[in-house]
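Architecture and fold: a report
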Amino acid sequence: MPASVNVVAHLPKTLILWDIDHTLIENGGVSKATYTLAFELLAGRAPSARPATDGRTDFQIMHELLSANSIDTEKYVEVTQFEGVLVEAMERNAPQLPQRGHILPGVTEALTALSAVPSVIQSILTGNIAPNARAKLSAFNLDRWVDLDVGGYGSDDTIRANLVNTSRRKVLKKYRTAFDRLSTILIGDTPLDVKAAREGGARIIAVATGAYSADQLVEAGADATLDSLADLNRFMTTLVNLRTDAILA
Ligand SMILES: [Mg+2]
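Bear in mind the structure is a predicted one, so any value in this text is a computation, not a measurement. (Residues numbered from 1 in each chain as written. Predicted model: local features only at pLDDT ≥ 70, side-chain atom pairs only at ≥ 80, totals over all residues.)

1. Overview of the domain arrangement of the protein
In terms of domain boundaries, the protein breaks down into domain 1 (3-27 + 102-248) and domain 2 (30-98). Broken down by secondary-structure element, the contributors of at least two residues to the side of domain 1 that touches domain 2 are α7 (130-139) and α9 (191-200). Among the residues making up the side of domain 1 that touches domain 2, the classes are represented as 8 nonpolar, 9 polar and 5 charged. (Domains from an automatic or database assignment. Helix = DSSP H or I, 4+ residues; strand = E, 2+ residues; numbered from the N terminus. Nonpolar A, V, L, I, M, F, W, Y, C, P; charged D, E, K, R; others polar.)

2. A word on the nonpolar core
Among the nonpolar cores identified, the biggest contains 64 residues, and Trp18, Ala38, Ile185, Leu186, Ile204 and Ile205 are the most heavily contacted of them. Mapped onto the domain boundaries, this core takes at least three residues apiece from domain 1 (3-27 + 102-248) and domain 2 (30-98). Dropping the residues within four chain positions of it, Ile185 is found in contact with Thr14, Ile16, Ala202, Arg203, Ile204, Ile205, Leu239, Leu242 and Arg243. (Core = buried A, V, L, I, M, F, W, Y, C linked by C-beta atoms within 7 Å. Buried ≥ 20, exposed ≤ 12 C-beta atoms within 10 Å, placed from the backbone. Contact = placed C-beta atoms within 7 Å.)

3. Some thoughts on helix α2 (residues 30-43)
Across its 14 residues, α2 extends 20 Å between first and last C-alpha, which sits within 8% of the 20 Å expected from 1.5 Å per residue. Along α2, the residues classified as buried are Val30, Ser31, Thr34, Tyr35, Ala38, Phe39 and Leu42. (Expected span 1.5 Å × (residues − 1).)

4. Looking at the pairing of strand β4 (residues 120-124)
Burial runs high along β4: 4 of the 5 residues are buried. Here strand β1 (residues 14-18) pairs with β4 via 5 bridges, running parallel. Residue pairing for β4: Trp18 is matched across the bridge by Ile124. (Pairing = 2+ DSSP bridges.)

5. Side note on the pairing of β1
Burial analysis of β1 places 5 of its 5 residues in the buried class, the great majority of the element. Burial along β1 is two-sided: the face carrying Thr14, Ile16 and Trp18 and the face carrying Leu15 and Leu17 are both buried. Relative to strand β5 (residues 184-188), β1 runs parallel, the two sharing 4 bridges. Paired with Leu15 across the strands is Thr184, a residue of β5.

6. A closer look at unusual backbone geometry
The backbone phi angle of His22 is positive, close to 70 degrees, even though this residue is not glycine. With respect to the element layout, His22 can be found in the loop between β1 and β2 (25-26). The phi torsion at Asn141 lies on the positive side, around 60 degrees, for a residue other than glycine. Tracing the chain through its elements places Asn141 in the loop between α7 and α8 (162-175).

7. What about the environment of Ala43?
Here Ala43 shows up in helix α2. Here Ala43 falls in the partly exposed class, since 14 other C-beta atoms lie within 10 Å of it. Each C-alpha atom, one on Ala43 and one on Ile71, is 8.3 Å from the other, the two residues being 28 residues apart in sequence.

8. As for the packing of α2 against helix α4 (residues 83-93)
One way to put it is that α2 packs onto α4 with a least axis distance of 8 Å and a crossing angle of 130 degrees. Between α2 and α4, the interaxial angle falls into the category oblique. The two elements α2 and α4 cross, and the hand of that crossing is right-handed. Residue-level contacts link Val30, Ala33, Thr34, Leu37, Ala38, Leu41 and Leu42 of α2 to Val85, Leu86, Glu88, Ala89, Met90, Arg92 and Asn93 of α4. (Axes fitted to C-alpha atoms, helices over the stretch in contact; angles between N-to-C directions. Parallel < 35°, antiparallel > 145°, perpendicular 65-115°, else oblique. Left-handed = near helix turned anticlockwise from the far one by under 90°.)

9. Things to note about the sheet that holds strand β7 (residues 224-226)
The sheet built from 5 strands is open, its strands ordered β4-β1-β5-β6-β7 with parallel pairing. Looking at strand neighbours, the two that pair on one side only are β4 and β7, the edges of this open sheet. Strand-to-strand, the axes of this sheet are offset by a mean angle of 20 degrees, without reference to chain direction.

10. Some thoughts on the environment of Val30
By the element assignment, Val30 lies in helix α2. Assessed through the 24 C-beta atoms surrounding it within 10 Å, Val30 is described here as buried. Through-space distance from the C-alpha of Val30 to that of Gln96 is 7.2 Å; in sequence the pair is 66 residues apart. Among all residues touching Val30, those that are not within four sequence positions of it are Asn93, Gln96, Leu97, Arg100 and Gly101.

Structure follows, in structure tokens:
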């Protein structure tokens with residue numbers, strides 16, 4: 001058994017909420033193609049402007065995509081309104097995920113190691129709507145390591161920070177276990193993940209495997225940063241230290 005697994009064997013109860021894109025996987029452009037296709041299904045034409053998507057919820061992305069392409073967004077007020085086109089677009093594009101994308105280094109090892117720790121519940125906190133989060137993870141066989149039932153998704157709320165409590169409510173209902181600011185740890189790659197942790201009441205390990213450097217993530221207020229998850233021992237030590245500091249604080 002690797003030393004890192006022994007370290008986390010002493011981890012107090014912890015809810016770990018993983019971001020998907022640029023944290024667990026690279027989607028190889030399939031995500032952007034999916035928003036473009038969803039726009040086409042909705043608007044009947046291709047978008048000419050494509051705003052940034054990193055760290056945003058699917059509702060925010062679709063809203064910004066529509067308004068950047070001069071489409072009135074006034075009638076789109078419900079989080080579920082884009083779900084039909086997003087699901088259809090992902091169903092068409094998901095078969096490309098294993099070819100165009102890949103699992104990021106160290107991710108399988110980290111998920112596997114944590115799944116062996118009884119005090120840990122692992123799920124997802126993502127701006128993706130739930131069916132599309134499931135599609136992305138299952139394309140890479142990562143869905144078996146996380147409990148998707150208790151995740152916070154872009155289909156639950158338009159605001160990413162609110163997804164922290166959404167997940168905790170689902171966890172409480174399913175596991176009869178409450179998690180708070182000190183026992184909930186997000187892992188994500190953007191300043192918006194950091195903001196979600198801070199505003200949603202959680203701590204965050206930010207990984208610089210997306211578009212942002214470790215320095216930028218520190219500046220955003222991350223509790224800890226890693227260049228990547230490639231070093232399992234380093235990740236586990238960071239996690240245990242963060243969790244232990246939280247208890248001592
Ligand atoms: Mg991300």
